[in-house]
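# Summary of structural features
The residues making up each chain are set out below.
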Amino acid sequence: MSETEAVFARKEDLMARGITRDMLIDGVEILEGFDRIVVDIMEKHRMVFTI
């Protein structure tokens, strides 16, 4: 990934889908807790895309 790209995944969503850390591509940051996710994304990034 380049310096301008960031990929985040919520731990609870990964667990609900049976996805483990070793199944993720390099560079994916796992976040815990909704409050932390909102603060991290809103303070550190200018764009957010979700599916």
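Further up the page is the structure itself.
Note on numbering: residues in each chain are counted from 1, in written sequence order. For this predicted model, a pLDDT threshold of at least 70 governs which residues receive local features, and a threshold of 80 or more governs which side-chain atom pairs are given and counted, while totals over whole chains, interfaces and linings are taken from all residues. To get the side-chain values, take all heavy atoms of the structure and skip hydrogens and water.

### Things to note about a nonpolar patch on the surface
- Like-charged residues within 9 Å of one another, or nonpolar side chains (Val, Leu, Ile, Met, Phe, Trp, Tyr) within 5 Å, are grouped into patches, provided each residue has over 30% relative accessible area and no salt bridge. Per-residue and other accessible areas were derived by the Shrake-Rupley procedure at a 1.4 Å probe size, with only the shown protein chains allowed to occlude residues. Every case where a carboxyl oxygen of Asp or Glu lies within 4 Å of a side-chain nitrogen of Lys or Arg is listed as a salt bridge. Nonpolar side chains collect at one region of the surface, where Phe34, Val38 and Met42 lie side by side and expose about 340 Å² of accessible area between them.
- Here a helix means four or more residues in a row that DSSP labels H or I, a strand means two or more in a row labelled E, and each is numbered from the N terminus. Relative to the helices and strands, Met42 resides in helix α2 (residues 34-44).

### Digging into the pairing of strand β1 (residues 7-10)
- Any two strands are treated as partners once DSSP identifies two or more bridges connecting them. Here β1 pairs with strand β2 (residues 28-31) via 4 bridges, running parallel. Paired with Arg10 across the bridge in β2 is Leu31.
- Looking down the strands as they point away from you, a crossover is right-handed if its path from the first strand over the helix to the second goes clockwise. What joins β1 to β2 is helix α1 (residues 11-16), and the crossover it makes is right-handed.

### Brief notes about the pattern of salt bridges
- Evaluation of the coordinates by the stated rule reveals 4 salt bridges.
- A salt bridge links Arg17 to Asp13; its shortest N-O distance comes to 3.9 Å.
- According to the relative accessible area criterion, Asp13 is partly exposed, its value standing at 33%.
- Residues participating in the shared-partner salt-bridge network are Arg10, Glu12, Asp13 and Arg17. The rule is simple: take the accessible area with a 1.4 Å probe, protein chains only, and divide by the maximum for that residue type; under 20% is buried, over 50% is exposed, in between is partly exposed.

### Here's the deal with the environment of Asp22
- Along the chain, Asp22 falls in the loop between α1 and β2.
- Note on Asp22: relative accessible area 69%, which makes it exposed.
- Side-chain polar atoms of Asp22 contact the side chain of Thr20, separated by 2.3 Å. Polar contact is defined as a pair of N or O atoms within 3.5 Å, subject to the rule that within protein one atom must be able to donate a hydrogen and the other to accept it, and that residues adjacent in sequence are counted only when both atoms are side-chain atoms.

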